[in-house]
Each structure stands twice: as C-alpha cells, then as structure tokens.
Amino acid sequence: MIRFEPIGVIHTPYRNNAPYQPVSNDAGEFYIDLNEAYTDGLKELLRFKYIYLLFYIDRLHEKPKMRLTPPWLKNKELGLFATRTPNRPNPIGLSIVKLVNVIDRKIIVSGLDVFDGTPLLDIKPYIKELDDKSDANYGWLEDVDNKEHFMLHIKGIPHDY
C-alpha cells in the first residue's frame, strides 16, 4: 500500500472544464494554498522561474484502458503510456508552470490545467540544464496528418478549425 498526503490545494478558475495542458497566459487566478506545515520548504523557491507541480487527479470517473484512441485522432490506437490522458492506473498529474510569486504560504503561478480544489502532492524546481532535453522528439505524433492542427489540440489552444 502506498499512501500520499496532500501538501496543499491548487486553486484555479476551472470548476467543470479545464484545458488539456497549462495555458501560461490564461485569464483568472491560479495559486496554491500550501499547508502551513510545509511553509519552511518554500525558502529560495522564488528564485526559480518555473516549477513542476505534481497533483492527484481526483475527479476521474473512468477506469484506465491500456489501449485508446485520442479524441482528435480517428483510427489511431495507442498504448496508454504513449499518451498523456489523465485516466491512468495511478492518477498523478504533472504540470510545468511559471512561478509568479510566493506570499507566505500562497504560491501564485501561471495558467494551470487542473480543477479548483485539486490536491497538491509535491513541488519541484524546473532546472534548465536538467529538464530541457534538446534531442526530445515527437514520437508517434510525427506520423499524424496535419500535425500543426493536432498540436493545437494537444496544447489546449482554442482554434476555429
């Protein structure tokens, strides 16, 4: 048995719908209310421009499937672990967000792709030399027709076509 205790609560303007990926310039208030017991752990965090947030995806209603077809792709079956679907065996989410400010135990961040009230599991600094992989590729996305349009869906960018 593995057990996690939330270290805080994520607050966003999203009650029923959230973007698929963080939208950095999204409108609204995005912040974390860190449990008071962890306040000392924020020392020097504000010196980083970006942070990772790990959170519990607590509002899933479907069991994960090991094979699935992304909603924007027809006739393309993928393995669960080759996708970023939130429906996972362990519903742990990961987002990289811009760190805007830290005031006491309130951590203000850029746009975030979670529902208001999502339990926060951990915070880690994004470190350029460690986390920026210049040789990363697009995997199966290389084979998608109209890749530019598909990337709008993947990034959660609203568009008309």
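The structure displayed is predicted, hence computed values, not measured ones.

## Concerning the packing of aromatic side chains
To describe a pair of aromatic rings, you give the distance between the ring centres and the angle between the ring planes. Overall, the coordinates contain 3 aromatic pairs when judged by the stated rule. Site record: aromatic cluster; members linked through ring pairs are Y50, Y52 and Y126. Positioned above the aromatic ring of Y31 is the side chain of K106, whose terminal nitrogen or guanidinium carbon lies 4.4 Å from the ring centre.

## Concerning the sheet that holds strand β6 (residues 92-103)
Strand order in the closed barrel formed by 6 strands is β1-β2-β7-β6-β3-β8, with antiparallel pairing between adjacent strands. Neighbouring strand axes in the sheet, compared pairwise and without regard to direction, differ in orientation by 45° on average. Sheet analysis places strand β2 (residues 31-34) next to strand β7 (residues 106-109), joined by 3 bridges and oriented antiparallel. When the sheet's bridge partners are listed, Y31 is paired in β7 with I108.

Reading the values: rules and limits
- Residues numbered from 1 in each chain as written.
- Predicted model: local features only at pLDDT ≥ 70, side-chain atom pairs only at ≥ 80, totals over all residues.
- Heavy atoms only, no water.
- Phe/Tyr/Trp six-rings, centres within 6.5 Å; stacked < 30°, edge-to-face > 60°.
- Lys NZ or Arg CZ within 6 Å of the ring centre and 35° of its normal.
- Pairing = 2+ DSSP bridges.
- Helix = DSSP H or I, 4+ residues; strand = E, 2+ residues; numbered from the N terminus.
- Axes fitted to C-alpha atoms, helices over the stretch in contact; angles between N-to-C directions.

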